[in-house]
Amino acid sequence: MGYLSTHKITKLFRIRGGVHPHDCKTLSANQAIEDLPMPALLHIPLQQHIGAAAKPAVQRGDHVLKGQLLANSQGMISAPVHAPTSGRVVGVGHYPAHHASGLSVHTITLQPDGKDEWIALNPPADPFTLDPAEIATRVAAAGIVGLGGATFPSAVKLNLRNRYKLHTLVINGAECEPYLTCDDRLMREYSANTIDGIRIMAYALGVENIVIGIENNKPEAQAAMREAATAFPNIQVVGLPMRYPMGSEKHLVQTLTGKETPARGLTADIGIVVHNPATALAVRDALREGKPLVSRVMTVSGGAIHKPRNLRVLLGTKVQDVIDYCEGFNVEPTRLISGGPMMGNVLPDTRVPTVKGCNGILALTTKEVSENQESPCIRCASCVQACPCGLLPLEMAANARAGNLDAVTKLGLMDCIACGSCSYVCPAHIPLVQYFNYAKGELANRQRAKHKQDETKRLIEQRAARMEALERAKKEMMERRKREAAAKKAAAAAKQAQEANA
Amino acid sequence: MSMISSPHTHSGKSVQLTMLWVMLALAPATVFGLYLFGWPAISLFLITVLSCLLAEAIALKIMGKPIGKYLFDGSAILTGWLLAMSLPPSAPWWIGVLGAFLAIIVGKQVFGGIGQNLFNPAMVARVALLISFPLEMTTWVTADGVSGATPLGHIRTETGQGHTLSSLADSLPSVSDMGLGMIGGSMGETSAVLLLLGGLFLLWKHIITWHIPVSMIGTLLLLAGIMHAISPEVYPGMEVHLLAGATLLGAFFIATDLVTSPVSPTGQLVFGAGCGLLVYVIRTWAGYPEGMAFAVLLMNALTPLIDHYFRPRIYGRDRKGEPLNYASEEGK
Ligand code: SF4
Ligand code: SF4
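Here goes a summary of the coordinates provided. (Residues numbered from 1 in each chain as written. Chains lettered and ligands numbered in written order. Predicted model: local features only at pLDDT ≥ 70, side-chain atom pairs only at ≥ 80, totals over all residues. Heavy atoms only, no water.)

1. Some points on the overall build of chain A
Piece 1. Within chain A, the regular secondary structure consists of 15 helices and 17 strands.
Piece 2. Counting only C-alpha atoms and orienting by the principal axes, one finds that chain A spans roughly 115 × 60 × 50 Å.
Piece 3. Here chain A, with 502 residues, has 53% of them falling under the buried criterion.
Piece 4. Of the roughly 22500 Å² that chain A leaves accessible, carbon and sulfur atoms contribute 52%.
Piece 5. The average position of the 58 basic charges and that of the 46 acidic charges among the side chains of chain A differ by 8 Å. (Helix = DSSP H or I, 4+ residues; strand = E, 2+ residues; numbered from the N terminus. Buried < 20%, exposed > 50% of the residue type's maximum accessible area, 1.4 Å probe, protein only. Areas by Shrake-Rupley, 256 points an atom, 1.4 Å probe, with all protein chains shown as cover. Lys, Arg positive; Asp, Glu negative; His and termini not counted. Charge placed at Lys NZ, Arg CZ, Asp CG, Glu CD.)

2. A word on the overall build of chain B
Piece 1. Of regular secondary structure, chain B possesses 16 helices and 2 strands.
Piece 2. Here chain B holds 332 residues, and 54% of them are scored as buried.
Piece 3. In chain B, once contacts between residues fewer than 6 apart in sequence are set aside, the share between residues at least 24 apart is 74%.
Piece 4. Element-wise, carbon and sulfur atoms account for 70% of the exposed surface of chain B, whose accessible area totals about 14100 Å². (Contact = heavy atoms within 4.5 Å.)

3. What to know about the environment of S215 of chain B
Residues and elements named next belong to chain B.
Piece 1. Topologically, S215 is positioned in helix α11 (residues 211-230).
Piece 2. For S215, a relative accessible area of 11% translates into the label buried.
Piece 3. In this view, S215 contacts Q268, L269, G272 and A273; residues no more than four positions away in its chain are not counted.
Piece 4. A polar atom in the side chain of S215 sits 3.0 Å from the backbone oxygen of L269. (Polar contact = N/O pair within 3.5 Å; in protein donor to acceptor, adjacent residues only side chain to side chain.)

4. Thoughts on the interface of chain A and chain B
Piece 1. Listed by partner, the interface residues are 62 residues for chain A and 38 residues for chain B.
Piece 2. Counting each side, the surface lost to burial between chain A and chain B is near 4400 Å², with a carbon and sulfur contribution of 57%.
Piece 3. A per-residue breakdown of the area chain A buries against chain B is headed by E260, I378 and R379 of chain A, which together make up 16% of the total.
Piece 4. Here chain A and chain B share 3 salt bridges between them.
Piece 5. A salt bridge links R313 of chain B to E260 of chain A; the nearest nitrogen and oxygen atoms lie 2.8 Å apart.
Piece 6. Across the contact surface, chain A and chain B share 24 residue pairs in polar contact (both at pLDDT 80 or more).
Piece 7. Sorting the residues of the side of chain A that touches chain B by element identifies α7 (249-257), β15 (335-338), β16 (345-346), α10 (366-369), α11 (382-386), α12 (393-401), α14 (421-425) and α15 (432-501) of chain A as the ones contributing at least two each. (Buried area = accessible area lost by both parts, 1.4 Å probe. Salt bridge = Lys/Arg side-chain N within 4 Å of Asp/Glu carboxyl O.)

5. A short note on empty space enclosed by the protein
Unoccupied space between atoms shows up once a probe the size of one water molecule is rolled over them.
Residues and elements named next belong to chain B.
Piece 1. Per the stated rule, a full pass over the model turns up 5 cavities of 30 Å³ or more.
Piece 2. By volume, the largest cavity amounts to about 310 Å³.
Piece 3. For the lining of the largest cavity, the secondary-structure elements that each account for two or more residues are α1 (15-37), α4 (75-85), α6 (121-132) and α13 (247-254).
Piece 4. Here the element with the most residues in the lining of the largest cavity is α4; it accounts for 4 residues.
Piece 5. Here the lining of the largest cavity is built from residues that sort into 15 nonpolar, 6 polar and 2 charged.
Piece 6. Considered as a void within the structure, the second largest cavity measures approximately 110 Å³ in volume.
Piece 7. I208, T209, L258, S261 and Q268 are the residues nearest the centre of the second largest cavity, which is lined by 14 residues in total. (1 Å grid on protein atoms, 1.4 Å probe; cavity = no way out; pocket = protein on both sides within 12 Å on 5 of 7 lines; lining within 4 Å. Points joined across faces, edges and corners; volume = space filled by probe spheres on them. Nonpolar A, V, L, I, M, F, W, Y, C, P; charged D, E, K, R; others polar.)

6. Brief notes about the site of ligand 1
Piece 1. Taken together, 13 residues are adjacent to ligand 1, and C377, C380, A381, C383 and C426 of chain A come closest.
Piece 2. Considering only residue class, the shell around ligand 1 consists of 11 nonpolar, 1 polar and 1 charged. (Near = heavy atom within 4 Å.)

7. A few points about the sheet that holds strand β17 (residues 360-364) of chain A
All names here are of chain A.
Piece 1. Pairing within the open sheet is mixed, and its 6 strands lie in the order β1-β14-β13-β17-β15-β16. Strands with a single pairing partner mark the edges of an open sheet, and in this sheet they are β1 (34-35) and β16.
Piece 2. Each of β13 (295-301) and β14 (309-314) touches helix α4 (residues 182-189); the most contacted strand, β13, lies at about 125° to it. (Pairing = 2+ DSSP bridges. Axes fitted to C-alpha atoms, helices over the stretch in contact; angles between N-to-C directions.)

8. Some points on the sheet that holds strand β3 (residues 55-56) of chain A
Either a parallel or an antiparallel arrangement is found when strands of a sheet pair, and the pairing is made through backbone hydrogen bonds.
Piece 1. As summarised here, the arrangement of the 3 strands in space is β3-β5-β6 (chain A), forming an open sheet in which the pairing is antiparallel. With partners counted over all chains shown, the strands left at the sheet margins are β3 and β6 (81-82) of chain A, one partner each.

9. Focus on the pairing of strand β7 (residues 87-96) of chain A
Residues and elements named next belong to chain A.
Piece 1. Sheet topology note: the strand β4 (residues 63-64)/β7 ladder contains 2 bridges and is antiparallel. Residue H63 lies in a different strand from β7, and its bridge partner there is R88.
Piece 2. Looking at chain direction, β7 and strand β8 (residues 104-112) are connected through 9 bridges and run antiparallel. Counted as the bridge partner of G93 is T107 from β8.

10. Regarding unusual backbone geometry
Piece 1. Along the chain, Y244 of chain A connects to P245 of chain A via a cis peptide bond; the corresponding omega equals 0°.
Piece 2. Topologically, P245 of chain A is positioned in the loop between β11 (235-240) and α7.
Piece 3. Of note, the amide linkage connecting S6 of chain B to P7 of chain B takes the cis form, showing an omega dihedral of -5°.
Piece 4. Within the secondary structure, P7 of chain B is located in the segment before α1.
Piece 5. Even without being glycine, Y179 of chain A reaches a positive phi, approximately 75°.
Piece 6. Mapping Y179 of chain A onto the fold places it in the loop between β9 (168-173) and α4.
Piece 7. The class for Y179 of chain A is buried, based on a relative accessible area of 5%.

11. Thoughts on the pattern of salt bridges
Residue and element names in this part refer to chain A.
Piece 1. On inspection of all chains with the given rule, the structure shows 24 salt bridges over all chains.
Piece 2. The residue R188 makes a salt bridge to D184 at a minimum N-O spacing of 3.2 Å. Within this pair, R188 and its partner D184 are both found in helix α4, separated by 4 residues, close to a single helical turn.
Piece 3. Here E220 and R188 are joined by a salt bridge, their closest N and O atoms 3.9 Å apart. Taken as a pair, E220 in helix α6 (residues 219-228) and R188 in helix α4 lie far apart in primary sequence, 32 residues in all.
Piece 4. A residue is classified by how much of its surface remains accessible, and E220, at 40% relative accessible area, is partly exposed.
Piece 5. In this structure, a network of salt bridges that share partners links the residues D196, R284, D285, R288, E289 and K291.

12. Some remarks on the site of ligand 2
All names here are of chain A.
Piece 1. Inspection of the region around ligand 2 gives 14 residues, with C387, C416, C419, G420 and C422 positioned closest.
Piece 2. Of all the secondary-structure elements, those providing two or more residues to the shell around ligand 2 are α14 and α15.
Piece 3. Looking at the shell around ligand 2 residue by residue, the class counts come to 12 nonpolar, 2 polar and no charged.

13. What about the state of the cysteines?
Residues and elements named next belong to chain A.
Piece 1. One pass over the full model with this rule turns up 0 disulfides over all chains.
Piece 2. C24 carries a free sulfur, and the closest cysteine sulfur to it, the one in C176, is 14 Å from it.
Piece 3. For C24, a relative accessible area of 25% translates into the label partly exposed.
Piece 4. Counting only cysteine sulfurs, C358 is the nearest neighbor of C326, a cysteine outside any disulfide, at a range of 12 Å. (Disulfide = S-S within 2.5 Å.)

14. Overview of the nonpolar core
Piece 1. One finds M396, L432 and F436 of chain A together with L26 and F253 of chain B to be the most contacted residues of the largest nonpolar core, which totals 113 residues.
Piece 2. Excluding residues that lie within four positions of it along the chain, L432 of chain A makes contacts with C383, P393, A397, C422, S423 and C426 of chain A. (Core = buried A, V, L, I, M, F, W, Y, C linked by side-chain atoms within 4.5 Å.)

Below, the structure is given as structure tokens:
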């Protein structure tokens, strides 16, 4: 089958472009993962994943146990939500989202009772005897989504074996975003369990070959994972060069295989599925202990955080609680971010809850953000050199600014992975990614509008067709009746004539 | 558009810093040139640079742009600097002033200011001056104060009159003199070694990439080598083309001008090759032995076209822009 299934990776391939941001990981890399103490209230949004929001399965006033289903997944691409601890549902309503807009979204509010009492768990005796499809089903039921930040429902990815010829599972331990150290800590401290989860995933995918890629700035994690994988010759731990965006799925696969994922395709097109180590650990907990996803590990860091830490946080914990545990701010942060500084999103304030996709909370100072006034492009081509996707950011931005959506699309807007490398290097401080996001949004709006228009047109046409059919049917019926009446008349006349003749 | 987008960190690069590095790279050759040609050169240099600043300030004022933001972004100073380096050191002061205004107003601001100009402003001014004031612009002095032609000019005139190169040997400077800069020429284009050093510095600092200098010098030398091999008595060899004239200044500092050169690596290779070819053709067969400015301006005019036709290949797509298709590849 693939070149990977037969031999080990002995050489790495270069990706185009990329940048080397200051990794700032020493702030938190040596902090072991700690459990955040139980917060007073949890606000659990119903949509913490890509896809349809979950539908509430509890009511206000209900008492729930830890791990109990709070909301059901809806449709093919969705994920359920579970109670992060035992307690009482004090609200099924709205609460500010974990999003720059801070808009209110469907949220269940839970008041912990302090007992942290698990619901009855029924893990399978041995996941490796289950049908692979059953593993995916259990992963779906556990509400597991891509914990690297993408939050795509993991079960959907585990089911790719049905549609693609797969040969390798790649574990993305690059963690190329500055500041973030949660995957690093996880791989160091829970290496055996992570490897276990990885093996379960490979089993579900029906692939033999496993490659774990870890950037070379994490030698301890590399060593721990190698150690934990010694018993399994099909697992290879590969040290990756430090270059942002190494953690972009498609670029990681390119580094390992030299092959590019076709545009608009998936890595599965070249036989590879990529998962994150934290997701693997969650899969292990679901399949070995029967536990759904109710917490996650995140890095709390940045120059404005007093004591940067790696914390295991119950989903729905307010960002403020997390920051309080890190002894608050040194200085008022210029920007509060969920995720890494290269691709993370701004948070409106510290009231918002933590969610499944949040791998970091960063409070950055003015110096770290190094915001600056935008000036005209000097065509220095730094952005062109930095782009890992072979795009021309300067031209895309110029066209986006001018409102030429067609031109931007032609230049490859939809091939842009929003990695931010271009904005990072631009000497004119042009917020290139902001222009691209804007253009992508406009494009989506336009498509939605067009879709709606098409839909309306289709409905009108359908209606017209229906009316016409109705008309026709009516006419036909009338004609038939007429014919029948005429025939009857004729028959009657004939009968009369016959009778008369007789 | 008001929402703040990622990334939330920055490399710390800035326009000012970029210009500063270029100036730093130019400094050794400049200081050497000023030392070599003395006071007239120093005053011409200062007059040209200050006039550029003045012209920029006036233009910004007229167009209602924030003077504070743009005046000291370094681009006007750099334009003046490059222009001064390409003028004959003995040129009268008003040449510097006129050149500065031509460069900034005609070469840059009428296009809309920084980043918008199609042509290299310093070269626009140089060519305009050369055409309008041929006498002032072609009177060169060597470092010891003797006036005379540049080596290339000399060769062009003499071979044009049917003299062979070997008969000129005595009247031409030695290769080491040309390399070190002890020859006639404009202020900054004389010391090949120091210019090369500055160029390497720019490469090291990632201000420019190797594509334009390498393809430009490569093309120029290739042509010189071939023509010299064919007819050594008429066409000077590679070393003359490499070390004389504005070759190195042009390849590292003028053709690589960020605003007016293509942005993609392939585009830059094409652009550099075009510059090299034109420089050779103009030096050898046209009336201007110092053909760098013309060559660069001609290629500047082609930059938009080159940018359009030589785009990088997009990730996951073939050269034509279609998504990669491994299935059909395997089928072959
Ligand atoms: S990096 Fe910025 S200034 Fe340079 S070409 Fe790109 S957009 Fe223009
Ligand atoms: S954000 Fe888009 S255009 Fe910019 S470097 Fe990344 S992929 Fe290229």
